[in-house]
Amino acid sequence: MKPELSVVIPVYNEASSLAQLFARIYPALDALGMPYEIIFVNDGSRDASAAILAEQFRLRPDVTRVVLFNGNYGQHMAILAGFEATRGEITVTLDADLQNPPEEIVNLIAKIREGYDYVGSIRRKRQDAAWRGIASKAMNRLRERITHIKMTDQGNMLRAYGRNVIDLVNQCQEINTFVPALAYTFSRNPTEIVVEHEERSAGESKYSLYSLIRLNFDLVTGFSLMPLQFFSLLGIGLSFASAALFVLLMLRRFVMGAEVEGVFTLFAITFFLMGVILFGIGLLGEYIGRVYLQVRARPRYVIQAVLQKSDGDQLSETKLQAFDASRPS
């Protein structure tokens, strides 16, 4: 029977938490009383995650599918690979660390059935370090102002998508993208709900402070030209300010004569302008780098194997070499 619900779960070095995930998600989905499938995408885990997923596939082949990457391509590439494999009318993404309870999936499905095609989630009480919450709120405000994408809690991966949104996302061939933001741009009727948030059942977060900054930088440059436009306006403003300062210094020289008291002030202004220039060059390089990655047209990820139940009710392992994610699977 074709599944009505598809749950996509990226997995990276989560061997210590997978048993608890299995113990909770299968009963939660069985209780829904609707046909479903769970698609685990192993993102090149270096621990025993792949073997544990393969064993779970043998235990529940009727509703379990496993996509195995040949390396680590990142969480969002794993989600895109899962989207390519989905068959349900409703798709839910969920992290494997159990910080988002699988029991909350029923609430997202209920919201989708109200007519929404994109349902984000807001963590009721985040069980993260204080700095992560502060950094996340600051990044959210900056991102919303620049991209006009409204996501109250962009770091929460528990989200639901309608089939129309999934199909449009699958048509995109972007090398770097932020999946929830990309889906939001295609949504006709998005909304958000509040969900519970728990501490990690095991293991540790895969996102460092640098990774979070890098992710938000990708998000901003991937969905808006405003940073470039801002620097264009800033350059014009600094040009006028520099010209005004030059005229002022010339007038002071003619009126008061030669003086050296302002040398260090000029040094400070010069260093400030050099910092602005270097940051602008780095920002421009970010956009150029995205173009460079895109024009090479390399596969976004490579799938080593897919574990799934074939039409003849036989367990199959489909080996794919150099799978191009831009093609339908």
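Scroll up a little and you will see the structure.
Notes on the structure in this doc start here.

The rules behind these values
Residues numbered from 1 in each chain as written. Predicted model: local features only at pLDDT ≥ 70, side-chain atom pairs only at ≥ 80, totals over all residues. Heavy atoms only, no water. Helix = DSSP H or I, 4+ residues; strand = E, 2+ residues; numbered from the N terminus. Buried < 20%, exposed > 50% of the residue type's maximum accessible area, 1.4 Å probe, protein only. Contact = heavy atoms within 4.5 Å. Pairing = 2+ DSSP bridges. Axes fitted to C-alpha atoms, helices over the stretch in contact; angles between N-to-C directions. Left-handed = near helix turned anticlockwise from the far one by under 90°. Nonpolar A, V, L, I, M, F, W, Y, C, P; charged D, E, K, R; others polar. Salt bridge = Lys/Arg side-chain N within 4 Å of Asp/Glu carboxyl O.

### Remarks on the environment of glycine 71
In this structure, glycine 71 sits in the loop between strand E3 (64-69) and helix H3 (75-85). For glycine 71, a relative accessible area of 18% corresponds to the buried category. Spatially, the C-alpha atom of glycine 71 lies 6.4 Å from that of aspartate 43, the residues being 28 residues apart in sequence. Discounting residues that sit within four places of it in the chain, glycine 71 has contacts with Asp43 and Gly44.

### Quick notes on the pairing of strand E6 (residues 159-162)
Side-chain alternation along E6 places Arg159 and Tyr161 on one buried face and Ala160 and Gly162 on a second face that is also buried. Relative to E6, strand E4 (residues 90-93) runs antiparallel, the two sharing 4 bridges. The residue bridging threonine 91 from the neighbouring strand is tyrosine 161, located in E6. Here strand E5 (residues 118-123) pairs with E6 via 2 bridges, running antiparallel. Bridge pairing in E6 links tyrosine 118 to tyrosine 161.

### Overview of the packing of H3 against helix H6 (residues 163-171)
Relative placement of two packed helices is described by the angle separating their axes and the distance separating the axes. It is the contact of H3 with H6, at a shortest axis distance of 10 Å, that shows an interaxial angle of 115°. In this structure, H3 meets H6 at a crossing whose hand is left-handed. On H6, the residues that touch Leu80, Phe83 and Glu84 of H3 are Arg163, Ile166, Val169 and Asn170. Counted by class, the contact of H3 with H6 contains 4 nonpolar, 1 polar and 2 charged residues.

### Here we look at unusual backbone geometry
For asparagine 13, which is not glycine, the phi dihedral falls at a positive 55°. Structurally, asparagine 13 can be placed in the loop between strand E1 (5-11) and helix H1 (15-30). With phi around 65°, leucine 98 is a residue other than glycine that occupies positive phi space. Considering the arrangement of structural elements, one finds leucine 98 in the loop between E4 and helix H4 (105-112).

### Considering the pattern of salt bridges
Per the stated rule, a full pass over the model turns up 11 salt bridges. A salt bridge links glutamate 196 to arginine 124, with the shortest nitrogen-to-oxygen separation between them at 2.7 Å. You can see glutamate 196 sitting in the loop between strand E7 (190-195) and helix H8 (209-223) and its partner arginine 124 sitting in the loop between E5 and helix H5 (130-147), a full 72 residues away along the chain. According to the relative accessible area criterion, arginine 124 is exposed, its value standing at 51%. Linking aspartate 167 and arginine 163 is a salt bridge whose minimum nitrogen-to-oxygen distance equals 3.1 Å. You can see aspartate 167 and its partner arginine 163 sitting in helix H6, 4 residues apart, about one turn around the helix. What makes aspartate 167 partly exposed here is its relative accessible area of 36%.

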